[in-house]
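The residues making up each chain are set out below.
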Amino acid sequence: MDHAELTTEQVLKRDIPWEQYMTTKLITGTCLQLLRRYDKRSETYRSQLLDDDGPAYVQVFVGILRDIFKEETVEYVLALVDELLTAHPKRAKLFHDTSLVDKDVYEPFLRLLWKGNWFIQEKSCKILALIVRLKPQGTVANGEASNSKSKITTIDDVLKGLVEWLCAQLKKPSHPSRGIPTAISCFATLLKEPVVRSSFVQADGVKLLVPLISPASTQQSMQLLYETCLCVWLLSYYEPAIEYLATSRTLPRLIEVIRSSTKEKVVRVVVLTLRNLLSKGTFGAQMVDLGLPQIVQSLKAQAWSDEDLLEGLNLLEEGLKDNIKKLSSFDKYKQEVLLGHLDWSPMHKDAIFWRENITNFEENDFQILRVLITILDTSSDPRALAVACFDISQFVQHHPAGRIIVTDLKAKERVMKLMNHESAEVTKNALLCIQRLFLGAKYASFLQA
(Lines give C-alpha, C1' and ligand atoms only; values in the text may rest on other atoms or scores of the structure.)
Protein backbone atom coordinates (compact mmCIF):
# COMPACT_ATOMS: atom_id res chain seq x y z
CA MET A 1 0.00 0.00 0.00
CA ASP A 2 1.06 3.59 -0.72
CA HIS A 3 2.35 4.97 2.57
CA ALA A 4 0.89 8.37 1.69
CA GLU A 5 -2.62 6.89 1.87
CA LEU A 6 -2.16 4.87 5.09
CA THR A 7 -4.65 5.51 7.88
CA THR A 8 -4.15 5.24 11.64
CA GLU A 9 -6.77 2.47 11.77
CA GLN A 10 -4.91 0.36 9.18
CA VAL A 11 -1.57 0.80 10.95
CA LEU A 12 -3.00 -0.14 14.35
CA LYS A 13 -4.23 -3.50 13.00
CA ARG A 14 -0.62 -4.66 12.77
CA ASP A 15 0.93 -7.06 15.26
CA ILE A 16 4.32 -5.79 16.41
CA PRO A 17 6.82 -8.40 17.74
CA TRP A 18 7.59 -6.64 21.03
CA GLU A 19 9.11 -9.81 22.57
CA GLN A 20 11.57 -10.03 19.69
CA TYR A 21 12.66 -6.44 20.34
CA MET A 22 13.32 -7.30 23.97
CA THR A 23 15.33 -10.39 22.97
CA THR A 24 17.55 -8.21 20.79
CA LYS A 25 17.79 -5.68 23.65
CA LEU A 26 16.11 -2.87 21.66
CA ILE A 27 13.60 -2.49 24.48
CA THR A 28 13.84 -3.37 28.19
CA GLY A 29 11.80 -5.87 30.17
CA THR A 30 9.95 -2.98 31.85
CA CYS A 31 9.09 -1.54 28.42
CA LEU A 32 7.75 -4.91 27.31
CA GLN A 33 5.54 -5.16 30.41
CA LEU A 34 4.09 -1.68 29.83
CA LEU A 35 3.50 -2.41 26.13
CA ARG A 36 1.77 -5.73 26.86
CA ARG A 37 -0.54 -3.94 29.29
CA TYR A 38 -1.34 -1.16 26.81
CA ASP A 39 -1.29 -2.59 23.28
CA LYS A 40 -4.56 -3.86 21.72
CA ARG A 41 -6.56 -2.89 24.83
CA SER A 42 -9.84 -0.93 24.95
CA GLU A 43 -9.72 2.85 24.98
CA THR A 44 -11.20 2.97 28.49
CA TYR A 45 -8.51 0.62 29.81
CA ARG A 46 -5.70 2.53 28.07
CA SER A 47 -7.06 5.85 29.40
CA GLN A 48 -6.79 4.49 32.94
CA LEU A 49 -3.20 3.37 32.30
CA LEU A 50 -2.29 6.84 31.00
CA ASP A 51 -3.98 8.50 33.98
CA ASP A 52 -2.01 6.28 36.36
CA ASP A 53 1.37 6.15 34.63
CA GLY A 54 1.29 8.53 31.62
CA PRO A 55 4.94 9.78 31.73
CA ALA A 56 6.22 6.17 31.77
CA TYR A 57 4.32 5.43 28.56
CA VAL A 58 5.65 8.62 26.96
CA GLN A 59 9.16 7.44 27.82
CA VAL A 60 8.45 4.00 26.29
CA PHE A 61 7.08 5.43 23.04
CA VAL A 62 9.89 7.99 22.69
CA GLY A 63 12.48 5.31 23.44
CA ILE A 64 11.14 3.06 20.66
CA LEU A 65 11.14 5.93 18.15
CA ARG A 66 14.71 6.74 19.18
CA ASP A 67 16.12 3.21 19.04
CA ILE A 68 14.05 1.26 16.48
CA PHE A 69 14.13 2.21 12.80
CA LYS A 70 11.88 -0.42 11.26
CA GLU A 71 9.29 1.60 9.32
CA GLU A 72 6.25 -0.51 10.28
CA THR A 73 7.09 -0.21 13.99
CA VAL A 74 7.79 3.55 13.78
CA GLU A 75 4.43 4.03 12.04
CA TYR A 76 2.71 1.91 14.68
CA VAL A 77 4.09 3.86 17.65
CA LEU A 78 3.32 7.20 15.98
CA ALA A 79 -0.24 5.95 15.40
CA LEU A 80 -0.49 5.01 19.12
CA VAL A 81 0.71 8.47 20.20
CA ASP A 82 -1.53 10.18 17.65
CA GLU A 83 -4.50 8.15 18.87
CA LEU A 84 -3.99 8.99 22.55
CA LEU A 85 -3.54 12.72 21.75
CA THR A 86 -6.51 12.85 19.36
CA ALA A 87 -8.77 11.29 22.01
CA HIS A 88 -7.60 13.82 24.64
CA PRO A 89 -5.34 16.61 23.28
CA LYS A 90 -4.51 17.77 26.82
CA ARG A 91 -2.52 14.56 27.27
CA ALA A 92 0.24 16.41 25.41
CA LYS A 93 1.07 17.78 28.88
CA LEU A 94 2.48 14.32 29.67
CA PHE A 95 5.46 15.15 27.44
CA HIS A 96 6.27 18.08 29.74
CA ASP A 97 6.12 16.08 32.96
CA THR A 98 8.88 16.98 35.40
CA SER A 99 9.99 13.33 35.57
CA LEU A 100 11.06 13.64 31.91
CA VAL A 101 13.02 16.85 32.36
CA ASP A 102 16.36 15.20 31.41
CA LYS A 103 14.89 13.07 28.60
CA ASP A 104 15.08 14.21 24.98
CA VAL A 105 11.41 13.60 24.27
CA TYR A 106 11.18 15.87 21.20
CA GLU A 107 14.19 14.78 19.13
CA PRO A 108 12.76 11.57 17.58
CA PHE A 109 9.68 13.39 16.24
CA LEU A 110 11.79 16.26 14.90
CA ARG A 111 14.14 13.82 13.13
CA LEU A 112 11.24 11.83 11.65
CA LEU A 113 9.85 14.97 9.98
CA TRP A 114 12.67 14.67 7.45
CA LYS A 115 13.42 10.95 7.43
CA GLY A 116 10.11 9.18 7.05
CA ASN A 117 7.38 8.63 4.47
CA TRP A 118 4.33 10.93 4.41
CA PHE A 119 2.44 9.01 7.14
CA ILE A 120 5.45 9.34 9.46
CA GLN A 121 6.03 13.00 8.57
CA GLU A 122 2.40 14.02 9.02
CA LYS A 123 2.00 12.21 12.36
CA SER A 124 5.30 13.62 13.69
CA CYS A 125 4.23 17.11 12.69
CA LYS A 126 0.79 16.79 14.29
CA ILE A 127 2.23 15.35 17.51
CA LEU A 128 4.92 18.05 17.82
CA ALA A 129 2.36 20.80 17.18
CA LEU A 130 0.15 19.46 19.99
CA ILE A 131 3.10 19.10 22.35
CA VAL A 132 4.20 22.67 21.67
CA ARG A 133 0.68 24.05 22.18
CA LEU A 134 0.54 22.64 25.71
CA LYS A 135 4.03 23.54 26.81
CA PRO A 136 4.21 24.90 30.37
CA GLN A 137 3.91 28.68 30.57
CA GLY A 138 6.62 30.51 32.45
CA THR A 139 8.48 27.37 33.53
CA VAL A 140 11.50 25.49 32.25
CA ALA A 141 10.33 23.04 29.59
CA ASN A 142 11.87 19.62 29.07
CA GLY A 143 15.28 19.78 27.47
CA GLU A 144 15.99 23.16 29.08
CA ALA A 145 17.03 21.97 32.49
CA SER A 146 20.10 23.76 33.74
CA ASN A 147 21.75 20.52 34.86
CA SER A 148 21.46 18.74 31.48
CA LYS A 149 24.87 17.26 30.75
CA SER A 150 24.34 16.70 27.04
CA LYS A 151 22.66 18.81 24.38
CA ILE A 152 18.95 18.13 24.61
CA THR A 153 16.38 19.34 22.10
CA THR A 154 14.55 22.38 23.52
CA ILE A 155 11.09 23.70 22.72
CA ASP A 156 12.70 26.53 20.72
CA ASP A 157 14.61 23.89 18.70
CA VAL A 158 11.29 22.15 18.04
CA LEU A 159 9.60 25.38 16.95
CA LYS A 160 12.42 26.34 14.59
CA GLY A 161 12.61 22.80 13.20
CA LEU A 162 8.86 22.73 12.64
CA VAL A 163 8.92 26.09 10.83
CA GLU A 164 11.70 24.85 8.56
CA TRP A 165 9.79 21.67 7.67
CA LEU A 166 6.44 23.44 7.25
CA CYS A 167 7.95 26.08 4.94
CA ALA A 168 9.54 23.27 2.93
CA GLN A 169 6.06 21.75 2.56
CA LEU A 170 4.69 25.03 1.21
CA LYS A 171 7.51 25.18 -1.34
CA LYS A 172 7.63 21.53 -2.35
CA PRO A 173 4.98 19.36 -0.65
CA SER A 174 5.84 15.75 0.29
CA HIS A 175 2.24 14.84 -0.50
CA PRO A 176 0.50 16.36 -3.54
CA SER A 177 -2.84 17.14 -1.90
CA ARG A 178 -2.14 17.03 1.86
CA GLY A 179 1.28 18.66 2.21
CA ILE A 180 0.15 22.28 1.93
CA PRO A 181 -3.10 21.95 3.97
CA THR A 182 -1.15 20.17 6.74
CA ALA A 183 1.47 22.95 6.83
CA ILE A 184 -1.09 25.76 6.86
CA SER A 185 -3.18 24.06 9.54
CA CYS A 186 -0.10 23.77 11.76
CA PHE A 187 0.96 27.36 11.15
CA ALA A 188 -2.54 28.56 12.05
CA THR A 189 -1.81 27.24 15.56
CA LEU A 190 1.93 27.78 15.84
CA LEU A 191 2.06 31.41 14.69
CA LYS A 192 0.69 32.39 18.11
CA GLU A 193 4.24 31.73 19.34
CA PRO A 194 6.67 34.71 19.08
CA VAL A 195 9.58 32.37 18.21
CA VAL A 196 7.56 30.90 15.33
CA ARG A 197 6.63 34.33 13.95
CA SER A 198 10.26 35.37 13.99
CA SER A 199 11.49 32.13 12.37
CA PHE A 200 8.67 32.26 9.80
CA VAL A 201 9.54 35.79 8.68
CA GLN A 202 13.26 34.97 8.57
CA ALA A 203 12.45 31.94 6.38
CA ASP A 204 10.63 34.28 3.95
CA GLY A 205 7.43 32.42 4.81
CA VAL A 206 5.06 35.38 4.24
CA LYS A 207 5.47 35.22 0.47
CA LEU A 208 4.55 31.50 0.58
CA LEU A 209 1.14 32.40 2.04
CA VAL A 210 0.20 35.06 -0.52
CA PRO A 211 -0.66 32.71 -3.47
CA LEU A 212 -3.03 30.78 -1.17
CA ILE A 213 -5.16 33.88 -0.46
CA SER A 214 -7.72 33.53 -3.23
CA PRO A 215 -11.49 32.91 -3.35
CA ALA A 216 -12.38 29.26 -2.63
CA SER A 217 -15.02 27.09 -4.27
CA THR A 218 -14.90 23.72 -2.49
CA GLN A 219 -15.25 22.91 1.22
CA GLN A 220 -11.65 21.68 1.29
CA SER A 221 -10.25 24.82 -0.35
CA MET A 222 -12.49 26.97 1.91
CA GLN A 223 -10.84 25.48 5.01
CA LEU A 224 -7.39 26.06 3.50
CA LEU A 225 -8.33 29.69 2.72
CA TYR A 226 -9.69 30.21 6.25
CA GLU A 227 -6.53 28.83 7.89
CA THR A 228 -4.30 30.85 5.53
CA CYS A 229 -6.19 34.04 6.46
CA LEU A 230 -5.88 33.02 10.12
CA CYS A 231 -2.08 32.90 9.63
CA VAL A 232 -2.11 36.40 8.10
CA TRP A 233 -4.24 37.65 11.01
CA LEU A 234 -1.72 36.27 13.53
CA LEU A 235 1.13 37.88 11.55
CA SER A 236 -0.70 41.24 11.53
CA TYR A 237 0.28 41.57 15.22
CA TYR A 238 3.99 41.25 14.40
CA GLU A 239 5.75 44.35 13.04
CA PRO A 240 8.50 42.64 10.96
CA ALA A 241 5.80 40.54 9.26
CA ILE A 242 3.73 43.65 8.51
CA GLU A 243 6.65 45.04 6.46
CA TYR A 244 6.57 41.88 4.33
CA LEU A 245 2.78 42.06 3.99
CA ALA A 246 3.06 45.67 2.81
CA THR A 247 5.41 44.81 -0.05
CA SER A 248 3.39 41.85 -1.32
CA ARG A 249 -0.01 41.43 -3.00
CA THR A 250 -1.57 40.46 0.34
CA LEU A 251 -3.95 43.41 0.70
CA PRO A 252 -5.63 43.25 -2.76
CA ARG A 253 -6.03 39.49 -2.32
CA LEU A 254 -7.61 39.83 1.14
CA ILE A 255 -10.04 42.43 -0.19
CA GLU A 256 -10.92 40.20 -3.14
CA VAL A 257 -11.65 37.35 -0.70
CA ILE A 258 -14.15 39.35 1.37
CA ARG A 259 -15.67 40.82 -1.78
CA SER A 260 -16.54 37.34 -3.07
CA SER A 261 -16.76 35.10 0.04
CA THR A 262 -20.02 34.21 1.78
CA LYS A 263 -18.41 32.04 4.47
CA GLU A 264 -18.84 33.90 7.74
CA LYS A 265 -15.66 32.67 9.45
CA VAL A 266 -13.54 33.63 6.43
CA VAL A 267 -15.04 37.13 6.21
CA ARG A 268 -14.61 37.59 9.99
CA VAL A 269 -10.91 36.73 10.07
CA VAL A 270 -10.18 38.95 7.02
CA VAL A 271 -12.10 41.89 8.54
CA LEU A 272 -10.15 41.50 11.81
CA THR A 273 -6.88 41.39 9.84
CA LEU A 274 -7.76 44.54 7.88
CA ARG A 275 -8.61 46.29 11.15
CA ASN A 276 -5.15 45.48 12.49
CA LEU A 277 -3.42 46.69 9.32
CA LEU A 278 -5.50 49.85 8.85
CA SER A 279 -3.27 52.09 10.96
CA LYS A 280 0.02 50.64 9.68
CA GLY A 281 2.09 52.46 7.04
CA THR A 282 0.22 53.11 3.79
CA PHE A 283 -2.30 50.28 4.29
CA GLY A 284 -5.12 52.73 5.09
CA ALA A 285 -4.62 54.70 1.87
CA GLN A 286 -4.41 51.51 -0.16
CA MET A 287 -7.63 50.19 1.37
CA VAL A 288 -9.44 53.36 0.35
CA ASP A 289 -8.07 53.11 -3.19
CA LEU A 290 -9.02 49.44 -3.49
CA GLY A 291 -12.63 50.37 -2.76
CA LEU A 292 -12.80 48.82 0.72
CA PRO A 293 -15.21 51.47 2.14
CA GLN A 294 -17.85 50.49 -0.44
CA ILE A 295 -17.26 46.76 0.17
CA VAL A 296 -17.66 47.25 3.94
CA GLN A 297 -20.98 49.05 3.37
CA SER A 298 -22.14 46.17 1.18
CA LEU A 299 -21.07 43.60 3.82
CA LYS A 300 -22.89 45.50 6.57
CA ALA A 301 -26.11 45.21 4.58
CA GLN A 302 -25.91 41.40 4.72
CA ALA A 303 -27.48 39.28 7.48
CA TRP A 304 -24.50 38.05 9.51
CA SER A 305 -25.06 36.24 12.81
CA ASP A 306 -21.48 36.54 14.14
CA GLU A 307 -21.26 39.43 16.64
CA ASP A 308 -17.46 39.69 16.31
CA LEU A 309 -17.87 40.14 12.56
CA LEU A 310 -20.55 42.83 12.94
CA GLU A 311 -18.43 44.71 15.49
CA GLY A 312 -15.36 44.30 13.26
CA LEU A 313 -17.21 45.76 10.26
CA ASN A 314 -18.36 48.77 12.30
CA LEU A 315 -14.86 49.44 13.63
CA LEU A 316 -13.32 48.97 10.18
CA GLU A 317 -15.84 51.41 8.68
CA GLU A 318 -15.06 54.04 11.32
CA GLY A 319 -11.32 53.54 10.84
CA LEU A 320 -11.61 53.93 7.08
CA LYS A 321 -13.61 57.16 7.50
CA ASP A 322 -10.91 58.55 9.79
CA ASN A 323 -8.27 57.52 7.28
CA ILE A 324 -10.04 59.27 4.42
CA LYS A 325 -10.17 62.47 6.50
CA LYS A 326 -6.42 62.28 7.20
CA LEU A 327 -5.40 61.74 3.59
CA SER A 328 -4.58 64.99 1.79
CA SER A 329 -6.35 65.41 -1.53
CA PHE A 330 -3.06 64.97 -3.39
CA ASP A 331 -2.27 61.75 -1.48
CA LYS A 332 -5.60 60.36 -2.65
CA TYR A 333 -4.97 61.52 -6.20
CA LYS A 334 -1.47 60.01 -6.20
CA GLN A 335 -2.77 56.64 -4.95
CA GLU A 336 -5.47 56.66 -7.64
CA VAL A 337 -2.94 57.30 -10.41
CA LEU A 338 -0.30 54.85 -9.15
CA LEU A 339 -2.87 52.06 -8.92
CA GLY A 340 -4.26 52.95 -12.37
CA HIS A 341 -7.79 53.21 -10.94
CA LEU A 342 -8.73 56.51 -12.61
CA ASP A 343 -12.29 57.72 -12.33
CA TRP A 344 -14.14 61.05 -12.34
CA SER A 345 -13.69 61.74 -8.63
CA PRO A 346 -14.30 65.45 -7.77
CA MET A 347 -10.62 66.47 -7.57
CA HIS A 348 -9.99 65.93 -11.32
CA LYS A 349 -12.24 68.85 -12.27
CA ASP A 350 -11.56 70.98 -9.20
CA ALA A 351 -9.59 74.07 -10.25
CA ILE A 352 -8.58 74.76 -6.62
CA PHE A 353 -7.07 71.25 -6.38
CA TRP A 354 -4.93 71.88 -9.47
CA ARG A 355 -3.83 75.37 -8.40
CA GLU A 356 -2.85 74.22 -4.88
CA ASN A 357 -1.13 70.98 -5.92
CA ILE A 358 0.46 71.71 -9.30
CA THR A 359 3.99 71.93 -7.83
CA ASN A 360 3.49 68.48 -6.21
CA PHE A 361 3.56 67.03 -9.74
CA GLU A 362 7.27 67.89 -9.87
CA GLU A 363 8.08 65.28 -7.17
CA ASN A 364 10.36 62.39 -8.20
CA ASP A 365 11.06 63.88 -11.63
CA PHE A 366 7.37 64.29 -12.53
CA GLN A 367 6.58 60.68 -11.53
CA ILE A 368 2.78 61.11 -11.47
CA LEU A 369 2.74 62.84 -14.87
CA ARG A 370 4.87 60.06 -16.34
CA VAL A 371 2.46 57.43 -14.94
CA LEU A 372 -0.50 59.27 -16.50
CA ILE A 373 1.27 59.18 -19.88
CA THR A 374 2.05 55.47 -19.43
CA ILE A 375 -1.67 54.82 -18.76
CA LEU A 376 -2.40 56.19 -22.26
CA ASP A 377 -0.28 53.34 -23.67
CA THR A 378 -1.19 50.50 -21.36
CA SER A 379 -4.81 50.88 -20.20
CA SER A 380 -7.74 49.32 -22.03
CA ASP A 381 -10.31 51.05 -19.79
CA PRO A 382 -11.98 53.96 -21.67
CA ARG A 383 -12.74 55.78 -18.40
CA ALA A 384 -9.08 55.63 -17.29
CA LEU A 385 -7.92 56.85 -20.74
CA ALA A 386 -10.40 59.75 -20.72
CA VAL A 387 -9.43 60.85 -17.19
CA ALA A 388 -5.70 60.57 -18.01
CA CYS A 389 -6.12 62.79 -21.09
CA PHE A 390 -8.11 65.31 -19.04
CA ASP A 391 -5.52 65.37 -16.22
CA ILE A 392 -2.65 65.90 -18.66
CA SER A 393 -4.59 68.82 -20.16
CA GLN A 394 -5.09 70.20 -16.60
CA PHE A 395 -1.34 69.97 -16.00
CA VAL A 396 -0.70 71.88 -19.25
CA GLN A 397 -3.18 74.55 -18.20
CA HIS A 398 -1.95 75.06 -14.62
CA HIS A 399 1.82 74.50 -14.74
CA PRO A 400 3.90 77.43 -16.05
CA ALA A 401 6.01 75.08 -18.19
CA GLY A 402 3.27 72.50 -18.72
CA ARG A 403 3.26 72.48 -22.53
CA ILE A 404 7.06 72.12 -22.75
CA ILE A 405 7.27 69.35 -20.13
CA VAL A 406 4.42 67.30 -21.62
CA THR A 407 5.87 67.71 -25.14
CA ASP A 408 9.34 66.63 -23.93
CA LEU A 409 7.81 63.50 -22.39
CA LYS A 410 6.33 62.65 -25.82
CA ALA A 411 2.74 62.70 -24.60
CA LYS A 412 1.41 64.50 -27.68
CA GLU A 413 1.81 61.48 -29.99
CA ARG A 414 0.09 59.17 -27.52
CA VAL A 415 -2.87 61.54 -27.06
CA MET A 416 -3.28 62.02 -30.82
CA LYS A 417 -3.66 58.25 -31.28
CA LEU A 418 -6.64 58.35 -28.92
CA MET A 419 -8.51 60.96 -30.99
CA ASN A 420 -9.83 58.07 -33.11
CA HIS A 421 -10.83 55.93 -30.11
CA GLU A 422 -14.22 54.19 -30.25
CA SER A 423 -15.27 55.83 -26.97
CA ALA A 424 -16.71 59.35 -27.34
CA GLU A 425 -15.57 60.14 -23.78
CA VAL A 426 -11.96 59.33 -24.72
CA THR A 427 -11.98 61.30 -28.02
CA LYS A 428 -13.55 64.35 -26.34
CA ASN A 429 -10.82 64.52 -23.65
CA ALA A 430 -8.03 63.66 -26.09
CA LEU A 431 -9.18 66.61 -28.25
CA LEU A 432 -9.18 68.96 -25.25
CA CYS A 433 -5.65 67.85 -24.37
CA ILE A 434 -4.38 68.43 -27.93
CA GLN A 435 -6.04 71.85 -28.05
CA ARG A 436 -4.26 72.89 -24.87
CA LEU A 437 -0.96 71.55 -26.15
CA PHE A 438 -1.22 73.34 -29.52
CA LEU A 439 -3.08 76.51 -28.61
CA GLY A 440 -2.01 77.11 -25.06
CA ALA A 441 -4.19 77.04 -21.96
CA LYS A 442 -5.87 80.40 -22.48
CA TYR A 443 -7.19 79.73 -26.00
CA ALA A 444 -8.12 76.10 -25.30
CA SER A 445 -10.19 77.20 -22.30
CA PHE A 446 -11.93 79.74 -24.53
CA LEU A 447 -12.80 77.02 -27.07
CA GLN A 448 -14.15 74.79 -24.31
CA ALA A 449 -16.34 77.54 -22.86
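The text that follows walks through the structure, step by step, so that each part is easy to find. (Residues numbered from 1 in each chain as written. Predicted model: local features only at pLDDT ≥ 70, side-chain atom pairs only at ≥ 80, totals over all residues. Heavy atoms only, no water.)

## Description of the layout of surface pockets
Approximately 370 Å³ is the volume attributed to the largest pocket. Contributing to the lining of the largest pocket are 13 residues, with Val 288, Asp 289, Gln 294, Glu 336 and His 341 lying nearest its centre. Secondary structure elements with two or more residues in the lining of the largest pocket: helix 16 (283-289) and helix 19 (329-339). Here the lining of the largest pocket is built from residues that sort into five nonpolar, four polar and four charged. (1 Å grid on protein atoms, 1.4 Å probe; cavity = no way out; pocket = protein on both sides within 12 Å on 5 of 7 lines; lining within 4 Å. Points joined across faces, edges and corners; volume = space filled by probe spheres on them. Helix = DSSP H or I, 4+ residues; strand = E, 2+ residues; numbered from the N terminus. Nonpolar A, V, L, I, M, F, W, Y, C, P; charged D, E, K, R; others polar.)

## Re the packing of helix 4 (residues 43-67) against helix 5 (residues 71-87)
Put simply, helix 4 and helix 5 touch, their axes get as near as 11 Å, and they point 140 degrees apart. In terms of orientation, helix 4 and helix 5 fall into the oblique class. When you trace helix 4 past helix 5, the crossing you get is left-handed. Within the contact between the two elements, helix 4 uses Glu 43, Arg 46, Leu 50, Phe 61, Ile 64 and Leu 65 and helix 5 uses Thr 73, Val 74, Val 77, Leu 78, Leu 80, Val 81, Glu 83, Leu 84 and Ala 87. In terms of residue class, the contact of helix 4 with helix 5 is made up of 11 nonpolar, one polar and three charged. (Axes fitted to C-alpha atoms, helices over the stretch in contact; angles between N-to-C directions. Parallel < 35°, antiparallel > 145°, perpendicular 65-115°, else oblique. Left-handed = near helix turned anticlockwise from the far one by under 90°. Contact = heavy atoms within 4.5 Å.)

## Here's the deal with the packing of aromatic side chains
Per the counting criterion, the structure on display carries 19 aromatic pairs. Aromatic pair Trp 233 and Tyr 237: ring centres 5.5 Å apart, planes at 80 degrees, arrangement edge-to-face. Overall, Tyr 237 belongs to the partly exposed group, its relative accessible area being 49%. Taking 6.2 Å as the distance between ring centres and 85 degrees as the angle between the ring planes, the aromatic pair formed by Phe 366 and Phe 395 counts as edge-to-face. Of this pair, Phe 366 sits in helix 21 (residues 363-378) while Phe 395 sits in helix 22 (residues 382-398), and the two are 29 residues apart along the sequence. Considered together, Phe 366 and Phe 395 belong to a single accessibility category, that of buried residues. Sitting over the face of the ring of Tyr 38, Arg 46 holds its NZ or CZ atom 5.6 Å from the ring centroid. Sitting over the ring of Trp 344, Lys 349 keeps its end group 4.5 Å from the ring centre. (Phe/Tyr/Trp six-rings, centres within 6.5 Å; stacked < 30°, edge-to-face > 60°. Buried < 20%, exposed > 50% of the residue type's maximum accessible area, 1.4 Å probe, protein only. Lys NZ or Arg CZ within 6 Å of the ring centre and 35° of its normal.)

## A short note on the environment of Glu 193
Here Glu 193 lies in the loop between helix 9 (179-190) and helix 10 (194-202). By relative accessible area, Glu 193 is classed as buried at 16%. In sequence terms Glu 193 and Leu 234 are 41 residues apart; their C-alpha atoms lie 9.5 Å from each other. Among residues more than four places away in sequence, those in contact with Glu 193 are Val 132, Lys 135 and Leu 159.

## As for the environment of Val 195
Mapped onto the elements of the fold, Val 195 is located in helix 10. Distance in space between the C-alpha atoms of Val 195 and Asp 67 is 30 Å, their sequence separation being 128 residues. Residues in contact with Val 195, not counting those within four places in the same chain, are Asp 156, Leu 159 and Lys 160.

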